[in-house]
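Listed here are the chains, written in short residue letters.
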Amino acid sequence: ALGARIVPFGGFEMPVQYTSILKEHDAVRKRAGLFDLSHMAQFALTGADVGTWAEGLTVNKVANMKPGQARYNIFTNERGGAHDDVIFYRLDENRWLLVVNAGNADKMWAHVSANRSGDVELTNLHGERALIAIQGPRSVEWLQPYVEAELAPVKYYTCAETRVKGAREPIVIARTGYTGEDGFELFLPSQEATGVWDLLLAENRENGLEPCGLGARDVLRLEAGMPLYGHELTEEITPLQAGLTWAIKFDKPAFVGKDALLAQRDAGDYARIVGLVMEGRVPARAGYPVLADGVRVGEVRSGSFGPTIQKNVATALVEPSAAAEGTRLEVEVRGARHAAVVTPVSFYKRPKG
C-alpha cells in the first residue's frame with residue numbers, strides 16, 4: 001500500500017525501498033525511519049538453565065545477564081566460524097528472547113533444538129511475532145506518546161515489557177538497532193503489528209518519519225561498521241577475523257569453537273576484515289578482488305556509496321600483511337584497478353548528545 005519495491009528474502013516478501021534508498025537513509029540519520037523487520041527469527045527460551053546452556057554454544061557471556069539486559073553474541077562451530085550473530089534479551093529470571101538472522105532461521109532452530117539440554121524449553125516464534133524498528137535521533141520523541149514505559153531512561157542494549165498504543169497485548173521494547181543511530185525495536189504479535197505501524201506512520205510522517213527498506217538498512221549498517229551475516233561473518237569467517245574480539249570471552253571455561261579460536265588468536269596469521277575507502281568515484285562491491293602491489297591479498301565483502309560521509313566505502317577480508325590502517329591497496333573493478341586505503345571498519349559514528 002505504501003508503494004514499496006518488494007523482493008523475496010528469507011522466506012518473506014520484504015521491501016527493498018519505499019521511495020529511494022538515499023531519502024530513507026537521510027531520514028534515519030537526521031530524523032527517524034520506520035522498519036518492518038518481521039522476517040527476523042524470534043525464539044522464546046524459558047527455564048532455569050538457559051544462561052549456562054547458551055554460554056556453551058556462544059562466544060560471549062550469557063549467564064551473567066540481568067533481567068532487562070540485551071547482549072550481542074555469536075554461535076560458533078567447532079572451527080570457530082560463525083553459525084550466526086544474534087542478540088539475547090533477558091526478560092526475567094526464566095524468560096529470554098533470542099533473535100537470529102532471517103536467512104539462518106531454519107539452521108539456527110535446528111542447531112539450538114539439537115543441542116538443548118537441562119531446564120531449557122524452546123519455542124519457535126518465527127512468523128508468529130513481528131518486529132518493528134524506529135531508528136534515528138528523533139526516535140524517543142516520536143515513539144514516547146505511544147508507549148507506557150518512560151523511554152528516555154532506557155539504556156542502550158536494555159529491554160522492557162510494556163504496552164503500546166494500537167496493540168492489545170503487552171510487547172517487548174528494546175533500545176537496540178542496526179543503523180548506527182539511537183532507536184528502539186518493538187517485538188509484538190504479528191496480528192498487532194499493522195495497527196502499530198500504521199499509527200506511528202500516520203501521525204509522524206508529516207514531520208519526517210519515513211518507512212525504510214532493506215536497502216537503506218544495509219547502507220546504514222555498513223557506514224556504522226556493523227557486520228552482516230554472509231558477508232563479514234560466515235561459517236568460515238570467525239569472530240576474530242571479523243574484528244569482534246571484544247565479544248569473545250576466552251575466560252569462559254568452555255564453548256564450541258574455543259580451542260580453534262584460541263589457536264587462531266595465538267598464531268595471529270589469519271585474514272581479517274578491514275575497512276576500505278575508495279579514492280575515486282567507482283564503488284567496490286562484494287566479491288571484487290583486492291590487490292597489494294598487483295598481488296591479490298583478499299576480496300571485498302560489502303561495499304556501497306556512504307551518503308553520510310560522501311565516499312565509496314567497503315569492507316574486505318585481507319591477509320594480515322595488508323591489514324594495517326593506512327595501507328594503500330587496489331580494488332579490481334571489471335578489469336580496472338582503483339585505489340583504496342585501509343581504514344577502521346566504522347566509517348561513521350553518531351554525534352554525542
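Residues numbered from 1 in each chain as written. Predicted model: local features only at pLDDT ≥ 70, side-chain atom pairs only at ≥ 80, totals over all residues. Heavy atoms only, no water.

> Any details on the overall build of the chain? Residues and values, ideally.
Helix and strand counts for the chain come out as seven helices and 19 strands. Computed over C-alpha atoms, the radius of gyration of the chain comes to 20 Å, within 12% of the 20 Å expected from 2.2 N^0.38 for 353 residues, which places it in the range of a compact globule. The dimensions of the chain, computed from C-alpha atoms along their principal axes, are 60 × 50 × 40 Å. Per-residue burial over the chain gives 56% buried out of 353 residues. When contacts within the chain are restricted to residue pairs at least 6 apart in sequence, those whose partners lie at least 24 apart make up 65%. Put simply, the chain shows about 15200 Å² of open surface, and 51% of that area lies on carbon and sulfur atoms. A distance of 5 Å separates the average location of the 39 positive side-chain charges in the chain from that of its 44 negative side-chain charges. (Helix = DSSP H or I, 4+ residues; strand = E, 2+ residues; numbered from the N terminus. Rg over C-alpha atoms; globule rule 2.2 N^0.38 Å. Buried < 20%, exposed > 50% of the residue type's maximum accessible area, 1.4 Å probe, protein only. Contact = heavy atoms within 4.5 Å. Areas by Shrake-Rupley, 256 points an atom, 1.4 Å probe, with all protein chains shown as cover. Lys, Arg positive; Asp, Glu negative; His and termini not counted. Charge placed at Lys NZ, Arg CZ, Asp CG, Glu CD.)

> Tell me about empty space enclosed by the protein, and name the residues and values.
If you walk through the whole model with that rule in mind, you get one cavity of 30 Å³ or more. By volume, the largest cavity amounts to about 30 Å³. Taken together, F35, L37, A133, Q135, G177, Y178, T179, E185 and R217 make up the lining of the largest cavity. Here the lining of the largest cavity is built from residues that sort into four nonpolar, three polar and two charged. (1 Å grid on protein atoms, 1.4 Å probe; cavity = no way out; pocket = protein on both sides within 12 Å on 5 of 7 lines; lining within 4 Å. Points joined across faces, edges and corners; volume = space filled by probe spheres on them. Nonpolar A, V, L, I, M, F, W, Y, C, P; charged D, E, K, R; others polar.)

> Please provide a residue-by-residue account of the packing of aromatic side chains, values included.
Here the structure, examined in full by the defined rule, presents six aromatic pairs. A cation over an aromatic ring shows up here: R265 above the ring of F250, its NZ or CZ 4.6 Å from the ring centre. One residue, R272, lies across the ring of Y270, its end atom 4.2 Å from the ring centre. (Phe/Tyr/Trp six-rings, centres within 6.5 Å; stacked < 30°, edge-to-face > 60°. Lys NZ or Arg CZ within 6 Å of the ring centre and 35° of its normal.)

> Can you tell me about the layout of surface pockets, naming the residues and giving the values?
Approximately 280 Å³ is the volume attributed to the second largest pocket. D36, S38, A130, A193 and T194 are the residues nearest the centre of the second largest pocket, which is lined by 16 residues in total. Going through the elements one at a time, β2 (12–17), β9 (129–135) and α5 (190–204) are the ones with two or more residues in the lining of the second largest pocket. Of the residues forming the lining of the second largest pocket, the biggest block, five residues, is contributed by α5. Tallied by class, residues from the lining of the second largest pocket come to seven nonpolar, five polar and four charged.

> I'd like a description of the sheet that holds strand β4 (residues 41–46), backed by residues and values.
Across the sheet, five strands lie side by side as β5-β6-β7-β4-β8; this open sheet has antiparallel pairing. Either end of the sheet is taken by a strand with one partner, and the two such strands are β5 (70–76) and β8 (121–124). Averaged over all pairs of adjacent strands, the angle between their axes in this sheet comes to 25°, without regard to strand direction. Where β4 and β8 come together, four bridges link them in antiparallel fashion. Bridge pairing in β8 places T46 opposite E121. (Pairing = 2+ DSSP bridges. Axes fitted to C-alpha atoms, helices over the stretch in contact; angles between N-to-C directions.)

> Break down the environment of L228 for me, citing the residues and quoting the values.
When you line up the elements, L228 lands in the loop between α6 (214–223) and α7 (258–267). In the structure, L228 is positioned 194 residues away from L34 in sequence and 20 Å away in space, judged by C-alpha atoms. Contacts of L228, omitting those with residues within four sequence positions, involve Y178, D218, R221 and L233.

> Got a sec to walk through unusual backbone geometry? Specific residues and values, please.
Even without being glycine, D293 reaches a positive phi, approximately 55°. In this structure, D293 sits in the loop between β15 (289–292) and β16 (295–306). A relative accessible area of 82% places D293 in the exposed class. Here the phi dihedral of R334 falls at roughly 50°; this positive angle occurs in a residue that is not glycine. Here R334 is to be found in the loop between β18 (328–333) and β19 (336–343).

> An account of the packing of helix α1 (residues 21–30) against α6 is needed here, citing residue identities and associated values.
Contact geometry of α1 with α6 gives a least axis separation of 8 Å together with a crossing angle of 55°. By the criterion of interaxial angle, the relationship of α1 to α6 is oblique. Here α1 and α6 pass one another in a crossing that is right-handed. In this structure, α1 contributes I21, E24, H25, V28 and R29 to the contact, and α6 contributes G215, A216, V219, L220 and E223. (Parallel < 35°, antiparallel > 145°, perpendicular 65-115°, else oblique. Left-handed = near helix turned anticlockwise from the far one by under 90°.)

> Let's hear about the sheet that holds strand β14 (residues 272–278): which residues, and what values?
Strand order around the closed barrel formed by six strands is β14-β17-β16-β15-β18-β19, with antiparallel pairing between neighbours. For this sheet, the mean inter-axis angle between neighbouring strands, taken without regard to orientation, is 45°. Where β15 lies against β18, two bridges are found, and the strand directions are antiparallel. In the sheet register, L291 faces β18, and the bridge partner there is E330. Its contacts with the sheet place α6 against β16 and β17 (311–318), and it is angled at close to 120° to β16.

Distances and angles like these do not, on their own, reveal function.
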